[in-house]
Every structure is written in C-alpha cells, then in structure tokens.
Amino acid sequence: MLFSELGLGPDVLRAIEDKGYTQPTPIQEQAIPCVLQRRDVLGCAQTGTGKTASFTLPMIDILASGRARARMPRSLILEPTRELAAQVSESFETYGKHHKLSMALLIGGETFTEQVKKLDRGVDVLIATPGRLIDLFERGNIMLNDIKVFVIDEADRMLDMGFIPDIERIVSKLPKNRQTLFFSATMPPEIRRLADAFLSDPMEISVAPPASPAETVTQAMVLVHEMDKRKALRHLLQTEDVKNAFIFCNRKRDIAVLQKSLERHGFNVGALHGDMVQSKRTETLERFKQGEISLLVCSDVAARGIDVQGLSHVFNFDVPLTPDDYVHRIGRTGRAGNKGRAFMLATPDDTKLVGAIARLIKREIPMIAIDGLETAEFGEEDSSSRGRGRGRGGRAVKSEARPPRGGREDRAPREERAVREDRPPREERAVREERPVREERPVREERAARDDRPVREERQPRESLAAAEARRGNDPRRDRDRDRDRRRRRDEDDDDVPVIGFGDHMPAFMLRSARPRPSAESSTEQSQEG
Ligand code: AMP
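Definitions and limits used
- Residues numbered from 1 in each chain as written.
- Predicted model: local features only at pLDDT ≥ 70, side-chain atom pairs only at ≥ 80, totals over all residues.
- Heavy atoms only, no water.
- Near = heavy atom within 4 Å.
- Polar contact = N/O pair within 3.5 Å; in protein donor to acceptor, adjacent residues only side chain to side chain.
- Nonpolar A, V, L, I, M, F, W, Y, C, P; charged D, E, K, R; others polar.
- Domains from an automatic or database assignment.
- UniProt positions renumbered as here; feature names shortened; annotations may be inferred.
- Helix = DSSP H or I, 4+ residues; strand = E, 2+ residues; numbered from the N terminus.
- Axes fitted to C-alpha atoms, helices over the stretch in contact; angles between N-to-C directions.
- Parallel < 35°, antiparallel > 145°, perpendicular 65-115°, else oblique.
- Left-handed = near helix turned anticlockwise from the far one by under 90°.
- Contact = heavy atoms within 4.5 Å.
- Phe/Tyr/Trp six-rings, centres within 6.5 Å; stacked < 30°, edge-to-face > 60°.
- Buried < 20%, exposed > 50% of the residue type's maximum accessible area, 1.4 Å probe, protein only.
- Lys NZ or Arg CZ within 6 Å of the ring centre and 35° of its normal.
- Pairing = 2+ DSSP bridges.
- Expected span 1.5 Å × (residues − 1).
- Core = buried A, V, L, I, M, F, W, Y, C linked by side-chain atoms within 4.5 Å.

Enquirer: So what exactly am I meant to see when it comes to the site of the ligand here?
Expert: Taken together, 16 residues are adjacent to the ligand, and Tyr-21, Gln-23, Gln-28, Thr-52 and Asp-307 come closest. Gly-50 has a polar backbone atom sitting 2.9 Å from an oxygen atom of the ligand. Within the side chain of Gln-309, a nitrogen or oxygen atom sits 3.0 Å from an oxygen atom of the ligand. Considered class by class, the residues forming the shell around the ligand number 4 nonpolar, 9 polar and 3 charged. Mapped onto the domain boundaries, the shell around the ligand takes at least three residues apiece from domain 1 (3–206) and domain 2 (217–391).

As structure tokens, then:
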C-alpha cells in the first residue's frame, strides 16, 4: 500500500516524501484512514512500529482547517515522559512543516513563563505530561473544552507511573464530543477498563502480539556472579561492534556508579535518569543522538519510545524487574527494519525474573559464555554474596548480607529488595565488611564512586536520634551486628578491657577521685539561690 492511498492531504504527503518514507507501516495503514474518518482508535502497538506517525499525520490534516483560540488548544496529546513528549513534538515539526500549526510542549522541569505565553497566543496541538498539564489547568492558564482530538500514548506506561488518576481528572475536563485515540504497548485488564471508559465504539488495531520483541533484535544473556557483572559488560563492549548503546540499570544510584566505572576504563559514556534536571536530560540525549556520547547508562526513563536512529546495542546491566520492561528496553534497537543486538547480564539471584521474561516472549534467551569469566548457574548461591561476607584477612564472617538459612526461596522478592536497598544499611554494611579489598576487585570501584557521592538527591533524610534509637532498640539483628563488631575490634586490638557503659573508652573524669558530698543544708541553700 502507498501513503497516497490512505486519504492524507498533499502537504502531509509531501512531508512524508521529504522524510524518505516509501510505505506506511502496518499500524499506519490501519490507523490513518480511521483517524481521518474521525473514529476513536484503540491501538495496541509496540514501540518502533511507526505508531507516532499513525496519529500525528492524520491529526495534521484534521487540524489544518480551523483556528486556535487563546488558552483553548484544539488537540491534546498526553505522554508519560518528557522525552516522549519532546519526541512527539519533533514529529509534528517534521510532518507538519508545510502547515502553519502552532504547538506547545508542556513538560515539567521547564519554566512556566514561556509555556504560558504560548498558550495565551493559542495552540493547535498541545503535547503534555499529565502533571504539568494539571498544574497549568489549576492556575487557570488553560481551558480544555475546545479539544477536538485527544491522544493518550503509552497508556500502560502511564499506569506503571501512577498517572491514571491524573488522566481521569484531565478526561473529566474534556468535551464529550471529542475524538479519542488510545495507544498502549500491552493491554492488561486495567488498561482495557480505562479504554472502555474513555473511548466510544473504537476501531481496535493490534499490530503485533502484546509485548513481543522485534524479530530484528538478536538477544543473548550472560549468567555471571554479581561481582563479575562490570567485567562482563566491559568485555561485551570491547568485543561487540558497538556503535552506540543504552545500558539499563534498575536503580538510579547504580547508574552513577556504573557510569564512573566505565569512564575510568576509558569509555565515552553519559547517564540519563528521571532525577536529573530536565535541561541536563535533554542535553545528554541530544549529545547521544549526535554521536558525541556513544554509551548511555540509563534507567527505564529511556526504555519507552525514545527513538535514537540506528541504535546498535542494548545492554541490560540488570535484569528488569518486570518482563514488559525487557521488551521495551530491547525495543530501542532493531527499529524501523534495522538490525540490533541486546545482551542481558543475569546473576543466579535473577532466576525468577529471567523465567518471567522467557514466559512473556515465549522463548528462552540464548546464553553465551565470556572468556575468562566463570559462568554462574541458575539457582546456585551467588559467590559474590559469599564474597561480601568476608571480613578482614579474608576470614569468612557470618554476615546478614548473605541469604538467610533456608535458601533462596526464603528471600524477599527482588522488587522488595530493590526498594529496601534505597535505604542502604544492609548493603553498605556488606561493602564495609569487604574492606580491605584487593586492587582489581570491582567492589572497590563501587566504593570509590560512592565516596564521590554522585547522586545527592537519593540520600535519605536524616533520621532523628530518638527514632534511630527506638529502631535500634527494636532490632535484634542490629544488636547482634554491634556486638559482633565490638568483639572483632577487641580481638584486633588484642585488648581485653571489659566494656563498661562508655564502650572501650574510659573518660578521664571517671578516673578522678570523687569530691566529698555536700551536706544536706548547703545543698538546700544552693537550690534556693538557684
Ligand atoms: P515510532 O514507533 O513512532 O516510535 O517510530 C519508530 C521509527 O520508525 C521512527 O524512527 C520513525 O521515524 C520511523 N518510521 C515511522 N514511520 C515510518 C515509515 N512509514 N517508514 C519508515 N520509517 C518509519
């Protein structure tokens, strides 16, 4: 099929030709005629399918007639992240270059002033993240009762990010007689219910089974011990023909640690995560797109929809916590018919998560070995956890950082651990116990990077002393640790002085002879004077 058969106007067709597209993708083929007929659409499409153009192209045609009034946008597109919103606005610029549509991008992290000025002038297309839109609505800067076309993109991501209540609020302000286009990569029951509530007799379009990775992506997995992950990653980066790559971590603070480690090994690497200020996020992404940075260590903020032309590789430094995220992460490569390669570093602790991914994508990810690195086995105890339990001189120390007795099955689910690990005491203790570590051991790098305190914003607020004491008092494990530390300190000092109330230290005033006690009268006098 040709674009010219879809019913699009000549100016849009010209822009498509300028862009170099020769054929519509399957979602474009199905969605564009429906949108032009002003029908609601429920689209289940994975990223990289050409979904953005499937709604932007017909919207440009629809909005070509008519004029925007001040503060009353004529169409609204909601995106879960600022990067996606910015990307959709770029699409409007590309495909709408022969039109005179005005557009505003309302995203957090940027000043209100410019955004408000634009709204005041009147906009045809408003692209927004839900939080910023609600802020502006509440300040009275915007009215939503002239919205003719409403798009919810990446609805399942909105659900994951907790935006659904915001979206319900926004929808309650929209006129009833609007056209709604609803896109989601997956269609879990909550999303289906939401679609039922927002759409009226929609045309349902599904271009790929939910959450199936593109066939153009070659996948592989390396099973290593936790402490070998960085080495394994470096090996892959050196042996693969990496032009540019996203390296996904599950936690923001690990991003900084890994970035520093890679920098020290001479890689050209940047970082991208949701706690960075927006200007820095935009600048980093732009430098990556321009090829000034070739590796980007990132969180899932980069997993959905971010479109970097010809990304050669995706590395999952951590196994994602949900299998859907795996599909989204690796979907950054192998886009628009290009080939891509995706590698995942898994540890024995990731057995369940890897199983969930295999069930979702309906196949096992092929395993590869890395020269010089021991391949771990699923279900075994991770030797790095054993390593973390080593005390001074390499003596094995019974540590709380090790899995509790009863084996792996007794451990808290990984998600829970990840959340807990944002409160670092356990992990920090484990790292501390590893002191002194041999030069080449990776934990040393981690500690060095941590000492730089790279992600300040992640530090926890200080706990009040009373709260800390109360918690300590209730935590027998902490008492055990403290006793053990004391015992060890005593062993090391070869000092057998008993601890009396003040720890190992005897304050000087305790050694002075006591003064005679004052008589009963003089003490009464003193208190009256006071
Ligand atoms: P999307 O799924 O909207 O993120 O699009 C993925 C990529 O496909 C983007 O880089 C688009 O520029 C590209 N693309 C969209 N439509 C076409 C098409 N008809 N032919 C070739 N590439 C396309």
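Enquirer: Sorry if this is basic, but what is going on with the UniProt feature "domain: DEAD-box RNA helicase Q" (unreviewed entry) in the chain here?
Expert: Sequence positions flagged by UniProt for "domain: DEAD-box RNA helicase Q" (unreviewed entry) are, in local numbering, residues 1–29. Annotation note: span residues 1–29, helix share 48%, strand share 0%, distance between end C-alpha atoms 8 Å.

Enquirer: For this particular structure, what's the right way to read the packing of helix H10 (residues 229–239) against helix H11 (residues 252–264)?
Expert: Relative orientation and spacing of two packed helices are given, respectively, by the angle between their axes and the distance between those axes. Interhelical geometry of H10 versus H11 gives an angle of 55° and a closest axis separation of 11 Å. Between H10 and H11, the angle is such that the two are oblique. The handedness of the crossing between H10 and H11 is right-handed. Taking contact as the criterion, the partners of Arg-230, Leu-233, Arg-234 and Leu-237 in H10 are, on H11, Val-257, Leu-258, Ser-261 and Leu-262. For the contact of H10 with H11, a count of residues per class yields 5 nonpolar, 1 polar and 2 charged.

Enquirer: Teacher, can you tell me more about the packing of aromatic side chains here?
Expert: Applying the stated rule across the entire model yields 5 aromatic pairs. Summarising the aromatic geometry, the rings of Phe-55 and Phe-183 are spaced 5.3 Å apart at their centres and angled 35° between planes, so their arrangement reads as tilted. Of this pair, Phe-55 sits in helix H3 (residues 51–63) while Phe-183 sits in strand E6 (residues 179–184), and the two are 128 residues apart along the sequence. Summarising the aromatic geometry, the rings of Phe-246 and Phe-248 are spaced 5.9 Å apart at their centres and angled 80° between planes, so their arrangement reads as edge-to-face. Here Phe-246 matches Phe-248 in class, with each residue buried. One aromatic cluster is present, formed by Phe-246, Phe-248 and Phe-288 through successive ring pairs. The ring of Phe-112 is capped by Arg-139, whose NZ or CZ atom sits 3.8 Å from the centre of that ring. Just above the ring of Phe-317 sits the side chain of Lys-229; from NZ or CZ to the centre is 4.8 Å.

Enquirer: Teacher, can you tell me more about the sheet that holds strand E13 (residues 340–346) here?
Expert: Where strands meet in a sheet, backbone hydrogen bonds hold them as pairs that are either parallel or antiparallel. Strand order in this open sheet of 7 strands is E10-E11-E9-E12-E13-E8-E14, and the pairing throughout is parallel. Edge positions in the open sheet fall to strand E10 (269–272) and strand E14 (367–368), since each of these has one partner strand only. Here 4 bridges tie strand E9 (residues 245–248) to strand E11 (residues 295–298), and the two strands are oriented parallel to one another. The residue bridging Phe-248 from the neighbouring strand is Cys-298, located in E11. Lying over the sheet, H10 contacts strand E8 (217–223), E9, E11, strand E12 (313–316), E13 and E14, oriented at roughly 165° with respect to E13.

Enquirer: How do you make sense of H11 when you look at a structure like this?
Expert: One full turn of an α-helix is made of 3.6 residues, so residues set three or four places apart face in the same direction. In a regular helix each residue adds 1.5 Å, so 13 residues correspond to 18 Å; H11 covers 19 Å between its end C-alpha atoms and thus fits that length. Considered for burial, the residues of H11 that qualify are Arg-253, Asp-254, Ile-255, Ala-256, Val-257, Leu-258, Gln-259, Ser-261 and Leu-262.

Enquirer: Looking at this model, I keep getting lost on the nonpolar core. Mind explaining?
Expert: For soluble globular proteins, the rule of thumb is that nonpolar side chains tend to be buried together. One finds Leu-57, Ile-77 and Phe-92 to be the most contacted residues of the largest nonpolar core, which totals 33 residues. Counting only elements with at least two residues in this core, the list comes to helix H1 (10–19), helix H2 (26–36), H3, helix H4 (82–95), strand E4 (125–128), strand E5 (149–152) and E6. The biggest single contributor to this core is H3, with 7 residues. Non-local contacts of Phe-92, meaning those with residues more than four positions away in its chain, are made with Thr-56, Met-59, Ile-60, Ile-77, Lys-97, Met-103, Val-125 and Ile-127. Membership of the second largest hydrophobic core comes to 32 residues, among which are Leu-78, Ile-170, Val-171 and Phe-198.

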